[in-house]
Protein chains: 2
Amino acid sequence: MKTSETVIDVLIKNFSSLPGIGRKSASRIVYYLLNADKNFSDTLAGNIKLLKDSIHSCAVCGTYTDSEVCGTCGNPARDGNLLCVVENPQDIDIIESTGAYEGYYHVLKGLLSPIDGIGPEQLNVFPMLKRLEEGNFKEVIFALNPSVEGETTALYIQKMIENRGMKVKVTRLASGLPVGGDLEYVDRMTLTRSLLGRTSV
Amino acid sequence: MKTSETVIDVLIKNFSSLPGIGRKSASRIVYYLLNADKNFSDTLAGNIKLLKDSIHSCAVCGTYTDSEVCGTCGNPARDGNLLCVVENPQDIDIIESTGAYEGYYHVLKGLLSPIDGIGPEQLNVFPMLKRLEEGNFKEVIFALNPSVEGETTALYIQKMIENRGMKVKVTRLASGLPVGGDLEYVDRMTLTRSLLGRTSV
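Just so we're clear, the structure is a prediction, and the values are computed from it rather than from any experiment.

Colleague: Residues and numbers for the sheet that holds strand 3 (residues 79-86) of chain B, please.
Modeller: Residue and element names in this part refer to chain B. Pairing is parallel across the open sheet formed by four strands, whose spatial order is 4-3-5-6. Each edge of the sheet is formed by a strand with only one pairing partner; in this case those strands are strand 4 (103-107) and strand 6 (169-172). Here the strands of the sheet are splayed against their neighbours by 25 degrees on average, with no regard to which way each runs. Judged from the five bridges that link them, strand 3 and strand 4 form a sheet pairing that is parallel. Looking across to strand 4, one finds that Leu83 is bridged to Tyr104. Packing of helix 4 (residues 89-98) onto the sheet brings it into contact with strand 3 and strand 4, and relative to strand 4 it is tilted by some 155 degrees.

If you want it as C-alpha cells, here you go:
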C-alpha cells in the first residue's frame, strides 16, 4: 500500500546486494543507520566513496594500495629472498595475520581457467616473471587455494619459470591435516597428501 | 608490518560496527566493493548520505518518511477505524508484509522502561492520545513485543486511555502457538496464554 519507494527501500536493496547480507540484515542495517549518529553514516558514505577514488593496484605486486607502491613492497626490512604468490589482495591479509612470513608478495588477480577464457594474459603473470628475472628472489611460494584451478595455475607458472631457465626454487603450501582436526573426518585426498608430505617428529 | 592504515582498513572497521557484520564479513564486503563497478559503490555511498539528509519522522505517526506525512498516514483508502501501535518503524514493514492489516499506525519509538529512565514523556505517547481524542478510531491494537516491557507499555497506555474516558476498544496481538510449531517445545507461559485465548474451530 506504499505510495512510492523511499530511500530506505532503495538502500535496503543496495545493502542486500553485498555478499553475505540478506534482506533482513540489510533492513536491520538501514534502521541502525537511521538511529545512529549522522557523523557515523557520513563517515561510512565518505569512506565508500574514497575507497574507489583513492585505491588502485600497487605498481609492483598488484595488491590494493592508496600510494604508488604498497606498504609491503615499499618496506626494505622484508626478506628479499622470498616471493609469495597469491590469488587475491585479501589473501595477503590472511597470510600476514599468521606472522609466519616476512617476504614479499605478488597478486595474480585470479586463477587460470581455460573454460572461462582466463589465460596468463588475463592475469598478473608476466609482470611476476619480470620481477623474478630482474630481482634476486631465491624462492617462489605458491599460496593458492588447494583446488583444481589453484594446482593448475601453480604448475603452469612453474613450467614457465623452468622454460625461461630461471634458477629459483618453486614451492607451495603444505597440504595435510588441519590443526585441531580429526583423522576420521579428513578426506582421502588430504590424508594421502599428508602421508606423502609427512614430516619428522 | 603495514606502514599506515589505508581506507580499506578504516572501511572494514566502519562496516564491522554495523549490526550483524563481523570483521570477516566486513572484509569481504570491502573487497567486493573494490572489485565492483564504481557506479554501485557511488550509489551506495550517495544513498547512505541521502538517508540521513532526507529521512525524518512522519508528522502524524512518527515513522520514518521523506515527505511531511508518510505514505500510510497520507493514504485515505486505509481503514480509519483501526490504529495499530508499534515500538519501531521497522515493525510497520513486518505487519504490512502479512497483508492482514488495513488500518493506520502509530510508532512509540521505544517501550516504557522505568529502570532506564524511559517514561511516557520520552516516547511518542502523548501525540498518540491526542490522535485518539481528535480522530474517529474505534480500536487501538497494541502490536508490541510479548516481553515485560511490551506488556507494561500496553497496560500503562490502556490505563491512560481509560482515565481520559475515551470510548475506544483496546486490544493486543494474540499470544499462542507459532504456526508450524510443536506443542512439546512451547513454553508454559505461551501454552497457558493459548489455552486462555482458545478460539472455536
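Colleague: Let's hear about the side chain of Asp91 of chain A: which residues, and what values?
Modeller: Tracing the sequence through the fold places Asp91 of chain A in helix 4 (residues 89-96). The buried charged residue Asp91 of chain A lacks any salt bridge partner; its closest oppositely charged side chain belongs to Lys24 of chain B, at an N-O distance of 11 Å. At a separation of 3.3 Å, a polar atom in the side chain of Asp91 of chain A contacts the main-chain amide nitrogen of Glu87 of chain A.

Colleague: Account for the relation of the copies chain B and chain A, naming residues and giving values.
Modeller: Note on the copies: chain B fits chain A at an RMSD of 0.0 Å, the axial shift is 0.0 Å, and the rotation between them is 180 degrees. Given the turn and translation reported, the copies of this chain are related as if by a two-fold rotation axis. Looking at the rotation axis and the C-alpha trace of chain B, the residue lying nearest is Ala45 of chain B, at 2.1 Å. Both copies contact each other with a shared surface, as 100% of the interface residues of chain B are interface residues in chain A too.

The rules behind the values
Residues numbered from 1 in each chain as written. Chains lettered and ligands numbered in written order. Predicted model: local features only at pLDDT ≥ 70, side-chain atom pairs only at ≥ 80, totals over all residues. Heavy atoms only, no water. Pairing = 2+ DSSP bridges. Helix = DSSP H or I, 4+ residues; strand = E, 2+ residues; numbered from the N terminus. Axes fitted to C-alpha atoms, helices over the stretch in contact; angles between N-to-C directions. Contact = heavy atoms within 4.5 Å. Buried < 20%, exposed > 50% of the residue type's maximum accessible area, 1.4 Å probe, protein only. Lys, Arg positive; Asp, Glu negative; His and termini not counted. Salt bridge = Lys/Arg side-chain N within 4 Å of Asp/Glu carboxyl O. Polar contact = N/O pair within 3.5 Å; in protein donor to acceptor, adjacent residues only side chain to side chain. Least-squares fit on C-alpha atoms with pLDDT ≥ 70 in both.

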